[in-house]
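Each chain, written out:
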Amino acid sequence: MATRSQAREVVIGLLYAYGSGNKEIGKFAEEILAENKIKNTQKDFAMSLFNGVIENFTKIDEKIIAQLKDWDFTKIGDTEKAILRLGVYEITKAEVDKAVIINEAIELAKNFGNENSAKFVNGVLDGIAKKINGV
């Protein structure tokens with residue numbers, strides 16, 4: 001049985017494709033999840049994440065851009081954008097502890113990004129989480 005972490009990995013791939021211009025990737029999302037053995041409750045979890053990010057795409061990007069200091073959003077890699085978008089969505093909408101969400105995003109950045117990705121993702125998501133919590 002797939003884990004939530006594995007489901008998030010597939011969602012990152014879907015968001016990467018969407019963010020890179022493949023706006024039709026959603027039509028193949030369930031098939032891609034099945035190919036990656038993401039089924040049942042984990043499939044529902046993954047689809048809710050993917051659809052939630054897509055439905056809130058502009059608002060999520062606005063939160064990321066507002067958090068960036070001396071950094072151009074257009075210069076962020078597509079992988080990092082996908083991880084940040086998922087992280088922001090989960091931080092703002094999920095019932096999961098924000099530290100767990102940020103840790104998951106850091107692990108995704110370590111696995112799929114470059115050597116600086118994890119630190120960057122951590123900084124951006126931590127800042128957004130603190131704003132939401134009023135810290």
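Placed above this text is the structure.
Below is a short write-up of the structure. (Residues numbered from 1 in each chain as written. Predicted model: local features only at pLDDT ≥ 70, side-chain atom pairs only at ≥ 80, totals over all residues. Heavy atoms only, no water.)

1. Looking at the packing of helix H1 (residues 4–19) against helix H6 (residues 98–112)
Part 1 of the argument: H6 packs onto H1 with a crossing angle of 60° between their chain directions and a minimal axis gap of 11 Å. With respect to each other, H1 and H6 are oriented oblique. Note that H1 runs across H6; the crossing there is right-handed. Touching Ser5, Arg8, Glu9 and Ile12 of H1 are Glu104, Leu108, Asn111 and Phe112, all from H6.
Part 2 of the argument: In the contact of H1 with H6, the residues fall into 3 nonpolar, 2 polar and 3 charged. (Axes fitted to C-alpha atoms, helices over the stretch in contact; angles between N-to-C directions. Helix = DSSP H or I, 4+ residues; strand = E, 2+ residues; numbered from the N terminus. Parallel < 35°, antiparallel > 145°, perpendicular 65-115°, else oblique. Left-handed = near helix turned anticlockwise from the far one by under 90°. Contact = heavy atoms within 4.5 Å. Nonpolar A, V, L, I, M, F, W, Y, C, P; charged D, E, K, R; others polar.)

2. Comments concerning the environment of Met47
Part 1 of the argument: Examined against the element boundaries, Met47 turns out to sit in helix H3 (residues 40–55).
Part 2 of the argument: For Met47 and Ile128, which are 81 residues apart along the polypeptide, the C-alpha to C-alpha distance reads 23 Å.

3. So, empty space enclosed by the protein
Part 1 of the argument: In total, this model carries 1 cavity of 30 Å³ or more according to the counting rule given.
Part 2 of the argument: Within this model, the largest cavity holds a volume of roughly 30 Å³.
Part 3 of the argument: Every residue along the wall of the largest cavity is listed here: Arg8, Ile83, Leu86, Gly87, Glu90, Ile101, Glu104, Ala105 and Leu108.
Part 4 of the argument: Every element with two or more residues in the lining of the largest cavity is listed here: helix H5 (78–93) and H6.
Part 5 of the argument: The residue inventory of the lining of the largest cavity, partitioned by class, reads 5 nonpolar, 1 polar and 3 charged. (1 Å grid on protein atoms, 1.4 Å probe; cavity = no way out; pocket = protein on both sides within 12 Å on 5 of 7 lines; lining within 4 Å. Points joined across faces, edges and corners; volume = space filled by probe spheres on them.)

4. A closer look at the pattern of salt bridges
Pairs can form between side chains of opposite charge whenever their charged atoms are close.
Part 1 of the argument: Following the criterion strictly, the structure yields 7 salt bridges and no others.
Part 2 of the argument: Here Glu24 makes a salt bridge to Lys27, at a shortest N to O gap of 2.6 Å.
Part 3 of the argument: The class of Glu24 is partly exposed, set by a relative accessible area of 41%.
Part 4 of the argument: Residue classification places Lys27 among the exposed residues on the basis of a relative accessible area of 65%.
Part 5 of the argument: For Lys130, the salt bridge goes to Asp126, with nearest N and O atoms at 3.1 Å. (Salt bridge = Lys/Arg side-chain N within 4 Å of Asp/Glu carboxyl O. Buried < 20%, exposed > 50% of the residue type's maximum accessible area, 1.4 Å probe, protein only.)

5. Looking at the nonpolar core
Part 1 of the argument: Ile64, Leu86 and Leu125 are the most contacted members of the largest nonpolar core, which has 44 residues in total.
Part 2 of the argument: Those elements giving two or more residues to this core turn out to be H1, helix H2 (29–35), H3, helix H4 (57–67), H5, H6 and helix H7 (117–133).
Part 3 of the argument: The biggest single contributor to this core is H1, with 8 residues. (Core = buried A, V, L, I, M, F, W, Y, C linked by side-chain atoms within 4.5 Å.)

6. Description of the packing of aromatic side chains
Part 1 of the argument: Counting across every chain of the model gives 2 aromatic pairs.
Part 2 of the argument: Measuring from ring centre to ring centre gives 5.2 Å for Tyr18 and Phe57, while their planes differ by 70°; the resulting arrangement is edge-to-face. In this pair, Tyr18 sits in helix H1 while Phe57 sits in helix H4, placing the two residues 39 residues apart along the sequence. When sorted by exposure, Tyr18 lands in the same class as Phe57, which is buried.
Part 3 of the argument: Each ring, one from Trp71 and one from Phe120, has its centre 5.6 Å from the other, and the planes form 45°; the classification is tilted. Of this pair, Trp71 sits in the loop between H4 and H5 while Phe120 sits in helix H7, placing them 49 residues apart in sequence.
Part 4 of the argument: Looking at Arg4, its charged tip hangs above the ring of Phe45, at a distance of 3.9 Å from the centre.
Part 5 of the argument: Stacked on the ring of Phe73, the Lys or Arg Lys81 has its end atom at 4.5 Å from the ring centre. (Phe/Tyr/Trp six-rings, centres within 6.5 Å; stacked < 30°, edge-to-face > 60°. Lys NZ or Arg CZ within 6 Å of the ring centre and 35° of its normal.)

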